[in-house]
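Spelled out, the chains give:
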Amino acid sequence: MGIDEVYKILSKGVMVSINSQKYLNEAKYLMIDENFDEMSTILKKLGFTLVGENGYFFIAKKEKLNDTDVSAFMNTHKNIFIAIAILKQLFPYVDRGDIIKQTEFTHLLKQKDDVSLEQKLEYLFGTKDLLDAVEKFFDLLAKHNVFERKDSDSKDEYLVLSALEYYIKIVQSVVEG
């Protein structure tokens, strides 16, 4: 594992988490201070910043975002923010390293009998079919590296990755003003 392989992953907009099996090597590489510093130096020359905190890493723009950039970012990521909000409603104490099962998620959703949750899922995925919406929900969180399938043979168990904290911090900062 070298700086070029890590750059190839991060430059695609991927957020790598230390508890990810898929990106474990990249995260371990960046956990070494010398490697992190070298990557940071290179990215600064390119006008970017390497962000690494709480076990996740990603590339960000170096300059402060203006209101247009912030608005575009929020609009682009609104579905993930809504999905995180739904997740936190059903699993208020969910944390990185936890295992979430689709079957348990679906059971809690049905048990809660909360019309607003079902409406949010329908809004996100354009379907009233609960099982289809739940599958798309898990796929969305996996696509954004918040979840990772625990076992490639099973679509039921997902590991919550460190990147969850990134999205929660953004939601909290918006709520707090």
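Throughout what follows, the structure given in this document is the object of discussion. (Residues numbered from 1 in each chain as written. Predicted model: local features only at pLDDT ≥ 70, side-chain atom pairs only at ≥ 80, totals over all residues. Heavy atoms only, no water.)

As for the sheet that holds strand β6 (residues 157-160)
Sheets are built from strands paired through backbone hydrogen bonds, the pairs being either parallel or antiparallel.
(1) Moving on: With antiparallel pairing, the three strands of this open sheet are ordered in space as β4-β6-β5. Lying at the two open borders of the sheet, with one neighbouring strand each, are β4 (99-101) and β5 (147-149). Within the sheet, the average angular offset between the axes of one strand and its neighbour, ignoring direction, is 35°.
(2) Moving on: Relative to β6, β5 runs antiparallel, the two sharing three bridges. Across the sheet, Arg149 pairs through a bridge with Tyr158, a residue of β6.
(3) Moving on: In the packing of helix α6 (residues 102-112) onto the sheet, contacts are made with β4 and β6, and the angle to β4 comes to roughly 65°. (Pairing = 2+ DSSP bridges. Helix = DSSP H or I, 4+ residues; strand = E, 2+ residues; numbered from the N terminus. Axes fitted to C-alpha atoms, helices over the stretch in contact; angles between N-to-C directions. Contact = heavy atoms within 4.5 Å.)

Re a nonpolar patch on the surface
(1) Moving on: A cluster of nonpolar side chains, namely Tyr7, Ile42, Leu46 and Phe48, defines an oily patch on the protein surface of about 340 Å² accessible area.
(2) Moving on: By the secondary structure assignment, Ile42 is in helix α3 (residues 33-45).
(3) Moving on: Among the residues examined, Ile42 registers a relative accessible area of 35% and is labelled partly exposed. (Patch = residues over 30% accessible without salt bridge, like charges linked within 9 Å, V, L, I, M, F, W, Y side chains within 5 Å. Areas by Shrake-Rupley, 256 points an atom, 1.4 Å probe, with all protein chains shown as cover. Salt bridge = Lys/Arg side-chain N within 4 Å of Asp/Glu carboxyl O. Buried < 20%, exposed > 50% of the residue type's maximum accessible area, 1.4 Å probe, protein only.)

Focus: the layout of surface pockets
(1) Moving on: Reported here for the second largest pocket is a volume of approximately 180 Å³.
(2) Moving on: If you trace the second largest pocket, you find it lined by Ser20, Lys22, Tyr23, Ala142, Lys143, Asn145, Phe147, Glu148, Arg149, Tyr158 and Leu161.
(3) Moving on: Mapped by element, the contributors of at least two residues to the lining of the second largest pocket are α8 (130-143) and β5.
(4) Moving on: With three residues, β5 is the largest single contributor of residues to the lining of the second largest pocket.
(5) Moving on: Grouping the amino acids of the lining of the second largest pocket by side-chain chemistry returns five nonpolar, two polar and four charged. (1 Å grid on protein atoms, 1.4 Å probe; cavity = no way out; pocket = protein on both sides within 12 Å on 5 of 7 lines; lining within 4 Å. Points joined across faces, edges and corners; volume = space filled by probe spheres on them. Nonpolar A, V, L, I, M, F, W, Y, C, P; charged D, E, K, R; others polar.)

What to know about the packing of α6 against α8
The relative placement of two packed helices is expressed as an angle between their axes plus a distance between the axes.
(1) Moving on: Here α6 crosses α8 at 130°, and the two axes come no closer than 10 Å. One element, α6, and the other, α8, form an angle in the oblique class. The chirality of how α6 crosses α8 is right-handed. For the pair α6 and α8, the contacting residues are Gln102, Phe105, Thr106, Leu109 and Lys110 in the first and Leu130, Leu131, Val134, Glu135, Phe137 and Phe138 in the second.
(2) Moving on: Each residue belonging to the contact of α6 with α8 can be placed in one class, and the counts come to seven nonpolar, two polar and two charged. (Parallel < 35°, antiparallel > 145°, perpendicular 65-115°, else oblique. Left-handed = near helix turned anticlockwise from the far one by under 90°.)

Here we look at the packing of aromatic side chains
(1) Moving on: Following the criterion strictly, the structure yields 13 aromatic pairs and no others.
(2) Moving on: Considering the side-chain rings of Phe105 and Phe137, the 4.6 Å spacing of their centres and the 25° angle between planes classify their relative orientation as stacked. Highlighted residues: Phe105 in helix α6 and Phe137 in helix α8, separated in sequence by 32 residues.
(3) Moving on: Owing to a relative accessible area of 0%, Phe105 belongs among the buried residues under this scheme.
(4) Moving on: Judged by its relative accessible area of 0%, Phe137 is buried.
(5) Moving on: Three or more aromatic residues link up through ring pairs in this structure, and these residues are Phe91, Phe105, Phe137, Phe138, Phe147 and Tyr158. (Phe/Tyr/Trp six-rings, centres within 6.5 Å; stacked < 30°, edge-to-face > 60°.)

So, the sheet that holds strand β3 (residues 56-61)
(1) Moving on: Read across the sheet, three strands follow the order β1-β3-β2 without closing on themselves; strand pairing throughout is antiparallel. Across the chains shown, the open sheet's two edge strands, defined by having one partner strand only, are β1 (16-17) and β2 (48-53).
(2) Moving on: Across six bridges, the pairing between β2 and β3 is antiparallel. Paired with Thr49 across the bridge in β3 is Ala60.
(3) Moving on: The sheet strands contacting helix α1 (residues 3-10) are β1, β2 and β3, and the helix crosses β3 at an angle near 70°.
(4) Moving on: Of the strands in this sheet, β2 and β3 are in contact with α3, which crosses β2 at around 150°.

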